[in-house]
Amino acid sequence: MGEYKGLDHTLIALADPTRRAILARLSSGEARITDIAVAFPISLNSVSKHLRILERADLVRRRRLGREHLMALNPRPLDAMAKWITQQRALWAWRLAELEHILNKESQ
Amino acid sequence: MTAEMARVVVTHSFAAPPERVFDAFLDQQIARRFLFATSTGQMITAQIDARVGGQFCFIERRPDMGDVRHVGEYLQIERPRRLVFTFGVPQFDPRMTTVTIEIRPSAAGCDLTLTNDGVLPDYAERNHQGWSRILAGLLAAYDGVHAGGWQKD
């Protein structure tokens with residue numbers, strides 16, 4: 001299901017500490033790839049790889065400005081993930097309320 | 001992965017004794033009416049082999065996605081205070097989650113706590129940070145920067 005695949009991409013993207021650090025860096029604003037790379041003790045190539053995984057999850061979006069690639073954060077997938085957890089909780093709460101309803105009816 | 005990861009916890013108070021509430025989860029006729037049910041679906045199969053190592057299978061027909069098969073295995077059956085089973089929907093996701101039901105007597109009847117662990121899959125993290133904490137941290141960070149700007153469409 002598409003919904004789950006999106007969630008998987010989000011989870012895979014968030015599972016790596018470097019990618020989370022990149023997201024944290026981008027939370028303070030748009031940045032050039034070279035500026036992001038400077039902040040981490042890894043190669044530019046490896047930063048690019050991490051960014052591609054973040055882009056696949058749509059957590060990061062790319063914008064070209066002349067020869068520069070500017071990366072910006074898109075927090076919506078995180079919102080979707082938080083919403084999914086909330087939905088799971090609501091579903092179980094509904095089921096337990098149903099059980100209460102059934103038991104009340106039976107004891108009447 | 002630490003236990004707190006990807007955990008959904010729901011509590012509910014019942015005006016019925018613990019035994020009655022506990023038995024409802026293992027009684028085919030009652031369980032089919034609420035367990036793994038959704039508000040718009042129709043339960044067409046509810047099979048329960050209520051012993052440790054025994055399996056269950058609930059098939060619900062849903063208007064939007066057809067027949068949804070819920071399967072799992074009972075891990076602990078300690079009437080009337082504790083029931084633990086695995087649970088998954090293989091057609092959507094091969095991974096299984098764990099549901100723990102704990103029932104404590106109360107003045108009015110009993111209080112039930114349901115915990116569904118592993119709601120989000122384990123991606124073998126080394127630093128043992130909980131998904132919920134990761135999420136909370138990231139959401140807070142973004143919220144601070146884009147205050148109110150991104151949560152709504």
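To start, this report covers the structure provided alongside it. No experiment lies behind these values; they were computed from the predicted model shown. (Residues numbered from 1 in each chain as written. Chains lettered and ligands numbered in written order. Predicted model: local features only at pLDDT ≥ 70, side-chain atom pairs only at ≥ 80, totals over all residues.)

Here we look at the overall build of chain B
Quick reminder of the rule: The helix and strand labels rest on DSSP assignments: H or I over at least four residues marks a helix, E over at least two residues marks a strand, and numbering proceeds from the N terminus. Any residue surrounded by 20 or more other C-beta atoms within 10 Å of its C-beta is treated as buried, while 12 or fewer makes it exposed and the intermediate range makes it partly exposed; C-beta atoms here are placed from the backbone. Contact criterion: two residues are in contact if their C-beta atoms, reconstructed from the backbone, are within 7 Å.
Summing up its helical and strand segments, chain B has 3 helices and 7 strands in all. Secondary structure of chain B in N-to-C order comes out as β-α-α-β-β-β-β-β-β-α. Buried residues in chain B amount to 26% of all 153 residues. For chain B, contacts bridging at least 24 residues in sequence account for 36% of all contacts bridging at least 6.

Regarding the overall build of chain A
The test is simple: A radius of gyration in this sense is built from C-alpha atoms; the matching globule rule multiplies 2.2 Å by the number of residues raised to 0.38.
Regarding its fold elements, chain A presents 5 helices and 3 strands. Helices (α) and strands (β) of chain A occur, in sequence order from the N terminus, as α-α-β-α-α-β-β-α. Here chain A has a C-alpha radius of gyration of 20 Å; the compact-globule value for 108 residues is 13 Å, and the former is much larger. Counting only C-alpha atoms, chain A reaches 75 × 25 × 25 Å along its principal axes. Counting the 108 residues in chain A, one finds 24% classified as buried.

Quick notes on the sheet that holds strand β2 (residues 60-65) of chain A
All names here are of chain A. Keep this limit in mind: The pairing criterion for strands is at least two bridges between them, as found by DSSP.
Read from one edge of the open sheet, 3 strands run β1-β3-β2, paired in antiparallel fashion. Of all strands in the sheet, those with a lone pairing partner are β1 (31-32) and β2, marking the two edges. Both β2 and strand β3 (residues 68-73) contribute to a ladder of 6 bridges, which runs antiparallel. Residue pairing for β3: Arg61 is matched across the bridge by Ala72.

Focus on the packing of helix α2 (residues 17-26) of chain A against helix α4 (residues 44-56) of chain A
Residue and element names in this part refer to chain A. We apply this condition: Axis lines are fitted through C-alpha atoms, for helices just across the contact stretch, and the angle between N-to-C directions can take any value from 0 to 180 degrees. The scheme is simple: roughly parallel for angles under 35 degrees, roughly antiparallel for over 145, roughly perpendicular for 65 to 115, oblique for anything else. Any residue that is not Ala, Val, Leu, Ile, Met, Phe, Trp, Tyr, Cys, Pro, Asp, Glu, Lys or Arg is counted as polar, Gly included; the first ten are nonpolar and the last four charged.
Running from N to C, α2 and α4 point in directions that differ by 75 degrees, and their axes come no closer than 10 Å. The orientation of α2 with respect to α4, classified from their angle, is roughly perpendicular. Residue-level inspection shows Thr18, Arg19, Ile22 and Leu23 of α2 in contact with α4, the latter providing His50, Ile53 and Leu54. Here the residues of the contact of α2 with α4 are counted per class, giving 4 nonpolar, 2 polar and 1 charged.

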